[in-house]
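Notes for the structure review
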Amino acid sequence: MSRRDSFRQLGAAAPAILPSLLLCDFSNLEREIARLEEAGAPGMHLDVMDGNFVPNLTYGMPIVQAVRKLTQLPIDVHLMIRQPERYLSQFRDAGADLITIHVEAVDDPRAALGAIRDLGIGAGIAINPGTPFDQVTDCLNACDLLLVMSVPAGFGGQSFDRTALDRLRQARELAGSDLLLEVDGGVNSDTIAACAEAGAQLFVVGSAIFRRDDYRDAIGQLQRLAVLGGG
Ligand code: DX5
Ligand code: ZN
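None of these values were measured; they are calculated from a predicted model. (Residues numbered from 1 in each chain as written. Chains lettered and ligands numbered in written order. Predicted model: local features only at pLDDT ≥ 70, side-chain atom pairs only at ≥ 80, totals over all residues. Heavy atoms only, no water.)

Re unusual backbone geometry
The omega torsion across alanine 14 and proline 15 is 0 degrees, close enough to zero to call that bond cis. By the secondary structure assignment, proline 15 is in the loop between α2 (8–12) and β1 (16–19). In the Ramachandran plot, glutamine 83 falls in the positive-phi region, its phi being about 50 degrees despite a non-glycine side chain. Relative to the elements of secondary structure, glutamine 83 occurs in the loop between β3 (75–80) and α5 (88–94). Judged by its relative accessible area of 43%, glutamine 83 falls in the partly exposed class. (Helix = DSSP H or I, 4+ residues; strand = E, 2+ residues; numbered from the N terminus. Buried < 20%, exposed > 50% of the residue type's maximum accessible area, 1.4 Å probe, protein only.)

Here it is as structure tokens:
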């Protein structure tokens, strides 16, 4: 399977619960990835933050590369960095199957999405809750995935912003069924069914997995609720 197709596995696995590794135990990454795989996670979501586009600072290519060595599953890299164009090929080389950039972080989103696609991987565009939705509508036919943020990008553990639900519905109406819809932030057992009902296929989850002892229970429960919501 080509790199560009491997992220499509995620669409085929929908509803797909993607653990956001921000809250995992980085002192034992190998064990964490193994536990998530055993729990049925269909891919890994990695949050890269630069301390500039967002106030928080996390990790970069070396961690993506480490995760790549530990799993064959698709790796979904969410870049919360200004001018991500500078680093796209490095993230692809580190192992990203899909790179999502923020519409607020680039001057020419369509060009940046084209540059990601030219690397032979999936291209996603993310939009924060406070950004007018029409800023992203022009990009929908230039990308593979729309990430509707349901919290302002930057930190795990924030509460779900319900305006994301209208945005998901609007995106589904505007774009064809080829566009993958992902939601990120405050997704938990209280909010996931509504996201699925609004059309989300990929669900990024941090706290609602890592604050639980049993990842299999957590992912299984979320998956069941997403199936019910989507049905
Ligand atoms: C927020 C990140 C999220 C976040 C999800 O900027 O993109 O992936 O860590 O965490 P929870 O599920 O705790 O909101
Ligand atoms: Zn994220």
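Brief notes about the site of ligand 1
Around ligand 1, the structure places 20 residues, and the nearest of them are Asp47, Gly154, Asp184, Gly206 and Ser207. Here glycine 154 contributes a backbone N or O atom positioned 2.8 Å from an oxygen atom of ligand 1. Glycine 157 places a main-chain nitrogen or oxygen 2.8 Å from an oxygen atom of ligand 1. Burial of ligand 1 by the surrounding chains reaches 99%, relative to a free accessible area of 380 Å². In this structure the site holding ligand 1 corresponds to the largest pocket. Broken down by class, the residue content of the shell around ligand 1 amounts to eight nonpolar, ten polar and two charged. (Near = heavy atom within 4 Å. Polar contact = N/O pair within 3.5 Å; in protein donor to acceptor, adjacent residues only side chain to side chain. Areas by Shrake-Rupley, 256 points an atom, 1.4 Å probe, with all protein chains shown as cover. 1 Å grid on protein atoms, 1.4 Å probe; cavity = no way out; pocket = protein on both sides within 12 Å on 5 of 7 lines; lining within 4 Å. Sits in = over half its atoms within 2 Å of the grid points. Nonpolar A, V, L, I, M, F, W, Y, C, P; charged D, E, K, R; others polar.)

Quick look at the packing of helix α3 (residues 29–38) against helix α11 (residues 215–230)
Look at α3 against α11: their axes get within 8 Å of each other, and the N-to-C directions meet at 45 degrees. As the angle between them shows, α3 and α11 are arranged oblique. Crossing of α3 against α11: the hand is right-handed. Contacts from Glu32, Arg35, Leu36 and Glu38 in α3 reach Tyr215, Arg216 and Ile219 in α11. (Axes fitted to C-alpha atoms, helices over the stretch in contact; angles between N-to-C directions. Parallel < 35°, antiparallel > 145°, perpendicular 65-115°, else oblique. Left-handed = near helix turned anticlockwise from the far one by under 90°. Contact = heavy atoms within 4.5 Å.)

What to know about the side chain of threonine 191
Following the sequence through the fold, threonine 191 ends up in the loop between β7 (180–184) and α9 (192–197). A residue is classified by how much of its surface remains accessible, and threonine 191, at 9% relative accessible area, is buried. Not counting residues up to four positions away in its chain, the partners in contact with threonine 191 are Phe160 and Gly186.

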